[in-house]
Every structure is written in C-alpha cells, then in structure tokens.
Amino acid sequence: MSTTANAPSTPSFGERAMKQKRFVFGFTVTLLVIAFAIFAPLFAPYGEEQTAGPPYAKNGLFGTDYVGQDVLSRLMHGGQGVLLISVLATLLGMVLGILIGVVAAYGGGWLDEVMMRLNDVLLAFPQILLALVVLTALSNPAAWVIVVLIGASHAPRVARVSRGVALGIVSRDFVVAAEALGEKRSRVIVAEVLPNMIGPLLAEAGLRLTYSIGVVAALGFLGFAADPGAANWGQMMNENRLGLATQPWAVLAPVLMIAIFTIATNLMADGLAQLSQRGDS
Amino acid sequence: MTATTRDVQQTPTPSGGLVIEDLGVTLTGRPVDVVDDIDLVLRPGEVVGLVGESGSGKTTVGTSLLAYSRAGALISSGKVLLEGRDVLKLPWREVRQLRGEEIAYVPQDPASALNPSIRIGKQLVELQELRGIGTAESRLQAAREGLTEVGLPNDTEFLRRYAHQLSGGQVQRVALAMSFLPKPKVLVLDEPTTGLDVTTQKMVLDTMAQLCRDHGVSALYVTHDLAVVANIADRVAVMYAGQIAELGPKDTIFANPSHPYTRALLDSIPHLSQARDVKGIPGRTPAPGMRPGGCRFNDRCAHAIDECRQQVPPLITVAPDHEVRCIRVDEIGTWDIQRGTIPDADPDRKRDIILSVEGLDIFYGRKQIVHDVTFDLAKGEVVALVGESGSGKTTISRSVGGLHKDWTGTVAFEGRELANSARKRSAEDRRRIQYIFQNPYLSLNPRLTIEQIIKRPMELFGIAKGKQATDRVLELMEQVALGSAMLRYQASRLSGGERQRVAIARALAAEPDVMICDEITSALDVSVQGSIVALLEGLRKQRGISMIFVTHNLALVRSIAARVQILQEGRVVEAGSVVEVMERPREEYTRKLLSDSPRIA
C-alpha cells in the first residue's frame, strides 16, 4: 500500500484528454471548422445567392458554380446548415438508440426480444428510405423535421450496437451488487451501466456523424432541403457534379470541408474512446 | 523412488535436465528489471516448485525457459542450458522446434490453449503431424495412449468432443497429454490447477507427478500456493520481487524456512489439521520499477534493520542445497510450522439463530440444481458451505442473498420469511444481509471512485450523507487496512486484494448483521487471503457479524468457520461443527474431499 500512497493522484479526465495528441488535434480542427461555419458568412465576398459571373468561370479563389454564384462565398455560407442539422440529428439518434439498446439489454427476457425484433423491422429499411417516406408527404420541410427523420433513422442502428455493448456489462457483478442493494432501475442504468459504455459509444457517434452529413447531402440532392436555394455543402456537391471536369473546385471545396470535419470529429471520438478504455483492465 | 533415480543420475556437470544461469529480464524502453539474478537447476525427473505472489516474476521465469518473453519485456542476460546448448542463443527456427518438443509449456488457462472449434482427437493428431512424430496410422493410436496416460477415456466418442464439452479438469489433463506427446525433457507448468476444485486439482497433480516420474521429465511448477507445492515438488524456490529469496529441498523449506518472506508466506496458509490464526503480509508486492533498494523485502519485513536497506543481499548457502537471500539468516531464530495454531471453534457454544434455511429447492429454468437444503446460522457465527464446483454452493448463497429468485422453500431472517428476490425484500432486510462476490475485478464498477463505491450503501439506506458519510468511509477504509490516499482512486487502479477490501468495506457500510461471502478469497494470492481472513475474523469478534462462507478450501474452513455443510450435487451430504466433521467424517465423500485437499503439516 505504501507504493500506491506515494503515487500521484489521478489527473482528471479533462487533464488526461489534453495530453492525448489524437484528441487534441481532432478537437482543435473540429473547433476551427465550426468557427469557420459560424463566422465565415460575415466575411464572404458575395451574398449567399448572389451571382458573381458566368457559370463555371474562373473568377475568384474557387471560381463560380453552375449558375454563376461565387464558390468561395457559397462555401462560407454553406457550413452552418449542414453542420447544425447533422450534429443535432446524430445527437438525437444516439440518445434514442442508446435508450432502446440499454433498456432492452438490462430488461432482458421477452422485453429484449420484442424490442429487438421491432428494431430489426426498422433496420430492414435502407436508412434514407424512412426519411423519404415522410418527406414526400411534406411540401416544404422545416429543418427540425429533417433532424428528427435522420435522427430516427440512426436510432435502430445505434440501438443494435449499444445493446451489444450493454449486454457485456449488465451481467457483471457490480450491476448485480447494485440490484441487491435495491438501487432504482433507472439509477442502475445511468450510474452503473452507461459510464462503462462510453468508449464504444463515442466511436459509434463519430461514425454516425459522418453518415448524417452524407444523408443530409443526399436529401439535398433529391430536393428535400429545408431551403433549396440556400448554400449547403452537401447540396453543393450535387449541384455542381456535372461540371466536375471543367470546374472541379465547386465540388472539391465542400468535399474537402466535410472530409476535414468528419476526420477531425472521428479523431476526437477515437481519442476519447481510447482514454476511457485505458482506465479499465 | 524419485530420490534413488536422482542420486544415480546426479553428476557434477549436470547432463540432463536444465540449468538456468544468471537469468535477467528487463522491460523494453526502460532499464527496469522484471526478474534478475536467477540461478536454478532442474535435475532430470525432478519437480521444482517456483512460488511467489502475483507480481513476483514467477511466470516470467517460467516462459524464459522457452526463450519467450511477453510483449514489452526482454530477456537481457543469462543462459538457459539444455544439454549444453543455450536455449536463449539458438536461432529462432531451432527455438520453434525446441518449444514443445524438448521444453513444453502448460498454461494457466488450458481452455484458451485448446482450439474451441477443433475436436480433441484432431488436435492431438495434428500436434504430432506438426512435429513429424509417427506415421499417419500410429498417430491416432498415440493420441489414445496419451489420453489413457492422463486417466481420460480414449474411445472414439471422447476423441470427437470439443474442448467446451469437457470439464475444467479434463481440459487441463488434455493439455497435459498434449504436452507429453512429443516426449519433452523439460516441462513448465504455469499454475495449471488454479481455478480447479480440490478433487480435480489432486487428479491433475497426481497425473503430472506420475508422468514426470515415468518419463524422467524435469518440471518447473509455477504457483502462488505453497500447499500445492508441499504435495508435489522435490525442491522449492521462493521468489519475491524478481529474485529468488530462498531455495531448498521441500522438506527443508517447510521444516526450516529461513527467509522472513518464506516464513510470512507459511504464516498466511491455513492448515487442514488445526485451526490457525492466519496472517497476511502487510503491504503489497512492489511492481518492477517500484522495488525498494537493498533487500527487496525490507519494507514488509518484521526483521529488517538499516543494513538490509543498503545493498541487495547475496544468496547465502546455509546448508547443502539450501540457499537464502537474507543477511540476518543466523539471527532471526528458528521457526515452527505449528506456529499460530489456535483452538478449533467450540462446537458446544450456545447458538442464537439469526437466519434459517429450510427445504431449499433451487431451479435454473426447468432444471433443479439444489435439493432440500436445510441449515441455520447463529449470531456471530461463521457457517461454511463446502463442495466441488457444480455442487450448488454458490447458487445457495445467491438465493439466500436474493440474487437468484427461482427457488422454493423457506429462508427466515429472525423468524420472518424473506421474499425470493432482493427487490421484493424490505430495505431494512436488504441492508442487514450483505453479499460479497467472488471476483473483485467484476464486483466493483471500474468507473467509480472508492469513495463513491463505499458511500453508496450509506446514502441508499439513509445511514449517513455528505461530509459525515465521507468520514465514515475513511473510518471503514482504515478498518479494512486501506490507506486514505485511495479515497479518490478509481477501482481499476487497485490490486485484487485491495479491491476485495473495498468490497468488504462496501458491505460493512450498510452495517449488516449477516454477510454472505462467496469464495471471496479464491481469486487472490494466499498471502492476501491470509489478511482478508484475519480481517473477517476481527469483524466477527468485534461486531458479532454472522457469515455464510462459501469455499472449496477445507483448510480455510477449519480456521474461519464454526459449522460446515458439505455439499454434493445440490444436496447436503454431511453437516455439523467443523471439528466434528473434519476430525470424524462420517461420509465417504467428506473423507475424499479431506484426502484430496493439499496438506502441509
């Protein structure tokens, strides 16, 4: 015991995170991209839907797009919508999915069986189809409708993963010990089970965010955006893809932004997952 | 018999067997010794026991014999001589050849050594194909013979089984058969019986000893349990913190242990023949890089003087074949194996029943596991439930504790019947009966701090909260001998023994009247077991807590319990006071359990 008494006390999770290169790098880049999305519109040389010249011209840094709008300005305006919708949708999907998965795993028995079979039915639909079914019924969907739809389409996939992770934890003795003490079921889930799932769940969240951006972009392509005229990284790729050979920047610029953002968020999630895993063993 | 053959073969320059000279293993990257200065000779046909606590480097020495070190460590110096060849200097192709064929290894967990998707027979045949032994026709025959040798059935049905269709003892014997098939000269066994119950352990040990004798194989038997070594080894090497502390013939080690560490280890072992005031060794084995200067045992040694802290003592030869690494070996007096024995628990003590179990039948689904079990527990008394694995002892304790709810019968606490599951019992009943789990690595939430873990029952049962609760936590931690510095540690930073103390403190935080202890020491080193047992005994005396103590270790029962229930296949076969049952067992099964248990004195 003397040896441990001399050892320095545990640094907090935040302190440890700040020492991890992977996390720090991902975190910094994520912040930069978010800052760009928020503040860049203030400095954009042209307005969001302002025409700057002929289509696919070389004017400005990145040239113009299919209707002659300045690509740089569109890029600067187009971050907010995509990021906000996909981050919110991911959060919603994660919360719903974790809830379903953990309750099913912890409840066990017929509850688990019924919940997971219903979940399987939802899983059978391609992710984008669920959203399309509702969106075709609405003429001009509000942004929150898209958030809810994408979030809901993530939920069954997240539920599968979190149920798998939770199954390995609910059978451990410390959960049984909490049961034996007569802890409330909700507290067992929140205080005993969830904290031990952080690692895999963060990795899943990173992956889901990438998917969200993809789905938002795809919906935009199909004409289901909150505002069809507004700039949006996802939509930009689809609008300009025909001119890829003549004006590659109109597509490449938003692609690069999305790539940088997803890589950064995934690095961040990965770093956190590694950190939270290290304490175990 | 072994003694005579050894005398004949023993020559000044050892030709057979294995010689380890000045072996050292360091961590890669940091100049930190894992083990150093290991000199050991395995004579042909001899079994050498290598004993130490976890973290002493005993497994590292064991695998070094096969020129293997785990990732992050490196064999940095020394020689391992097999018939004059240095195993550590051989090119890797030859080392590969040598592993298994000349030096075989039996791992701690045999289940992970057998391929779960290949049938037993196929694995035995495949091994011979790989080693180029025999012909296509003879291999199956050899596999059958190998199984016969280890006392397993050799019919086609058995050969067609998968590893998961065998019991733990059978798997371990298949692993033994596999290691003997290529007819190795040296065998390294790494705690092969840890986790097996006494009957199976005895069977595996006997098989191993027989095979070594028949084939003239030298064996290094790595274990933390001196009691096991007492039954099979010819010589014993006691390791501490990466060095050999004492080396000598088995009888010398047990009759005249000369290193304070060896004595402390022996003090922590319960005896089968008499109750004993077992003690642990204070502190814990220092990890590589944290070891003190001078004699490495100096910070835990009762005899340490300033000189002990100055330089690492050399191994001193105190008698032929008997070496000790202690500079005070002549000053610390003699030792007696009977030291610390105490009178057995009084069988005629007046009993004031607090918990009674009547006609308990327990089911898993449709299958009945436990049949009509009846026993009771008095205030301030320890009742032991003893049996092999699968005898239902843990199932009974879980049902009484309300963790398993599929049972019928009566469990009455102070005359009131208890509900089947803990959730249906009153908060007061839940508080007064506390359960402690077998594996402290699973029973504490790795995310929570020690403070949060111990405080929770107090908050839940309204015993204390806030600052007052923290003070209580510190008090409890002191009682279970944990330093207050650990208050904010996460459970994942503690060793097994420390975790089990936290689990005990958590149980005590609820101020219980009954504690159900489910094999709480079986995952721990014997020295740690000693200190846990001493702790429980203190609690019983001071607070009058009653305990149901589940175990397969009869020697432990003798030292801790007053009454015992012997279980076999879910039924009580014999019950009564510990002295009565252990001195005059009436049932054949009890006698067998007693004779299978390893004995020291």
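Each value, and the rule that gives it
Residues numbered from 1 in each chain as written. Chains lettered and ligands numbered in written order. Predicted model: local features only at pLDDT ≥ 70, side-chain atom pairs only at ≥ 80, totals over all residues. Heavy atoms only, no water. UniProt positions renumbered as here; feature names shortened; annotations may be inferred. Helix = DSSP H or I, 4+ residues; strand = E, 2+ residues; numbered from the N terminus. Rg over C-alpha atoms; globule rule 2.2 N^0.38 Å. Buried < 20%, exposed > 50% of the residue type's maximum accessible area, 1.4 Å probe, protein only. Contact = heavy atoms within 4.5 Å. Areas by Shrake-Rupley, 256 points an atom, 1.4 Å probe, with all protein chains shown as cover. Lys, Arg positive; Asp, Glu negative; His and termini not counted. Charge placed at Lys NZ, Arg CZ, Asp CG, Glu CD. Pairing = 2+ DSSP bridges. Axes fitted to C-alpha atoms, helices over the stretch in contact; angles between N-to-C directions. 1 Å grid on protein atoms, 1.4 Å probe; cavity = no way out; pocket = protein on both sides within 12 Å on 5 of 7 lines; lining within 4 Å. Points joined across faces, edges and corners; volume = space filled by probe spheres on them. Nonpolar A, V, L, I, M, F, W, Y, C, P; charged D, E, K, R; others polar. Salt bridge = Lys/Arg side-chain N within 4 Å of Asp/Glu carboxyl O. pLDDT = per-residue confidence, 0-100. Disulfide = S-S within 2.5 Å. Buried area = accessible area lost by both parts, 1.4 Å probe. Polar contact = N/O pair within 3.5 Å; in protein donor to acceptor, adjacent residues only side chain to side chain. Domains from an automatic or database assignment.

Labelled according to an unreviewed UniProt entry, chain B appears under the name Nickel import system ATP-binding protein NikD, originating from uncultured Nocardioidaceae bacterium. Database annotation for chain B, UniProt heading Subcellular location (unreviewed entry): "Cell membrane". Per its UniProt entry, chain B bears the Catalytic activity (unreviewed entry) comment "Ni(2+)(out) + ATP + H2O = Ni(2+)(in) + ADP + phosphate + H(+)".

Caption draft 1: Quick peek at the overall build of chain B. Each helix and strand in chain B was counted, giving 21 helices and 22 strands. Relative to the compact-globule value of 25 Å for 601 residues, chain B shows a C-alpha radius of gyration of 25 Å, a close match. When the 601 residues of chain B are sorted by exposure, 57% land in the buried category. Residue pairs at least 24 apart in sequence account for 68% of intrachain contacts in chain B once pairs closer than 6 positions are excluded. Carbon and sulfur atoms make up 49% of the accessible area of chain B, which amounts to about 24,500 Å² in all. The positive charge centre, built from 74 side chains, and the negative charge centre, built from 75, are 6 Å apart in chain B.

Caption draft 2: Focus on the side chain of Ser218(B). Residue and element names in this part refer to chain B. Considering the arrangement of structural elements, one finds serine 218 in strand 8 (residues 218-223). By relative accessible area, which is 1% here, serine 218 ends up buried. Residue contacts for serine 218: discarding those within four places in its chain leaves Gly17, Leu42, Arg43, Pro44, Gly45, Glu46, Lys185, Val186 and Leu187.

Caption draft 3: Just the pairing of strand 2 (residues 33-42) of chain B, in detail. Sheet analysis places strand 1 (residues 18-27) of chain B next to strand 2 of chain B, joined by six bridges and oriented antiparallel. Paired with Thr26(B) across the two strands is Asp33(B), which belongs to strand 2 of chain B.

Caption draft 4: Region of interest: the sheet that holds strand 7 (residues 186-190) of chain B. Residues and elements named next belong to chain B. Strand order in the open sheet made by the eight strands is 6-7-8-3-9-10-12-11, with mixed pairing throughout. Bordering the open sheet on either side are strand 6 (103-106) and strand 11 (316-319), each of which pairs with just one other strand. For this sheet the average axis-to-axis angle between neighbouring strands, irrespective of direction, equals 20 degrees. Relative to strand 7, strand 6 runs parallel, the two sharing four bridges.

Caption draft 5: Region of the structure containing empty space enclosed by the protein. Under the criterion given, the structure shown has four cavities of 30 Å³ or more. In this structure, the largest cavity encloses a volume near 180 Å³. As for the largest cavity, its lining consists of 16 residues, and the residues nearest its centre are Ala180(A), Leu181(A), Ile433(B), Gln434(B) and Tyr435(B). Contributing elements (two or more residues each) for the lining of the largest cavity: helix 9 (173-181) of chain A together with helix 13 (427-432), strand 18 (433-436) and helix 17 (496-509) of chain B. With four residues, strand 18 of chain B is the single largest residue contributor to the lining of the largest cavity. Partitioned by chemical class, the residues of the lining of the largest cavity number ten nonpolar, two polar and four charged. For the second largest cavity, the calculated volume is near 100 Å³. Around the second largest cavity sit 15 residues that line it, and Cys295(B), Cys301(B), Cys308(B), Cys326(B) and Ile327(B) are the ones nearest its centre.

Caption draft 6: Layout of the pattern of salt bridges. All names here are of chain B. Counted according to the given criterion, the structure contains 54 salt bridges over all chains. Across the salt bridge formed by arginine 161 and glutamate 157, the nearest N and O atoms sit 3.3 Å from each other. A relative accessible area of 22% means that arginine 161 is categorised as partly exposed. Between glutamate 583 and arginine 558 there is a salt bridge, and its shortest N-O distance comes to 2.9 Å. Placement of glutamate 583 in helix 20 (residues 578-583) and of arginine 558 in helix 19 (residues 554-560) is noted, with a sequence separation of 25 residues between them. Classification of arginine 558 as buried rests on a relative accessible area of 3%. Each of Glu414, Arg416, Asp429, Arg432 and Asp513 takes part in a single network of salt bridges with overlapping partners.

Caption draft 7: Spatial organisation of the confidence of the model for chain B. Residue and element names in this part refer to chain B. Residue-level pLDDT values for chain B average 88, and 97% of them are 70 or greater. Of the regions scoring below 50 in pLDDT, residues 1-14 engages in eleven contacts with residues more than four places distant in sequence or in other chains. Across the predicted assembly, pTM comes out at 0.80 and ipTM at 0.75.

Caption draft 8: Up close: the UniProt feature "domain: ABC transporter" (unreviewed entry) in chain B. All names here are of chain B. Per the UniProt entry, the sites bearing "domain: ABC transporter" (unreviewed entry) are residues 18-266 and 355-594 in this numbering. Secondary structure over residues 18-266 splits into 39% helix and 26% strand, and the C-alpha atoms at its two ends are 28 Å apart. Secondary structure content for residues 355-594 is 40% helix and 27% strand, and the end C-alpha separation is 28 Å.

Caption draft 9: How the structure looks around the state of the cysteines. Residues and elements named next belong to chain B. Going through the model one piece at a time under the given rule, you end up with zero disulfides over all chains. You can see cysteine 295 has no disulfide; the closest cysteine sulfur is in cysteine 308, sitting 5.9 Å from it. For cysteine 295, a relative accessible area of 13% puts it in the buried group.

Caption draft 10: Quick look at the interface of chain B and chain A. Contacts between the two partners involve 33 residues from chain B, matched on the other side by 31 residues from chain A. Buried surface at the junction of chain B and chain A, summed over both partners, amounts to about 2,900 Å²; 52% is from carbon and sulfur atoms. Run the count over chain B and chain A and you get two salt bridges. A salt bridge links Arg423(B) to Glu179(A); its shortest N-O distance comes to 2.6 Å. Linking chain B to chain A there are nine residue pairs in polar contact (both at pLDDT 80 or more). For the side of chain B that touches chain A, the elements supplying multiple residues, two or more each, are helix 14 (440-443), helix 15 (450-460) and helix 17 of chain B. Partitioning the side of chain B that touches chain A into residue classes produces 16 nonpolar, five polar and twelve charged.

Caption draft 11: Up close: unusual backbone geometry. Residues and elements named next belong to chain B. Positioned with a positive phi, lysine 183 is a non-glycine residue whose angle comes to about 50 degrees. Mapped onto the secondary structure, lysine 183 falls in the loop between helix 7 (168-180) and strand 7. Among the residues examined, lysine 183 registers a relative accessible area of 59% and is labelled exposed. In the Ramachandran plot, glutamate 511 falls in the positive-phi region, its phi being about 50 degrees despite a non-glycine side chain. Inspection of the secondary structure puts glutamate 511 in the loop between helix 17 and strand 19 (514-518). According to the relative accessible area criterion, glutamate 511 is partly exposed, its value standing at 34%.

Caption draft 12: The arrangement of the domain arrangement of chain B in detail. Residue and element names in this part refer to chain B. By domain assignment, chain B separates into domain 1 (2-111 + 185-240) and domain 2 (353-441 + 512-596). Domain 1 and domain 2 are separated by 38 Å when their C-alpha centres are compared. Of the residues lining the interface, nine residues belong to domain 1; the matching set on domain 2 comes to eleven residues. Across the interface of domain 1 and domain 2, roughly 970 Å² is buried in total on both sides, 50% from carbon and sulfur atoms. In terms of surface lost to domain 2, no three residues of domain 1 exceed Asp197, Val198 and Thr199, which account for 49% of the buried area on that side. Linking domain 1 with domain 2 are zero salt bridges. Inspection of the domain 1/domain 2 interface yields three residue pairs in polar contact (both at pLDDT 80 or more).

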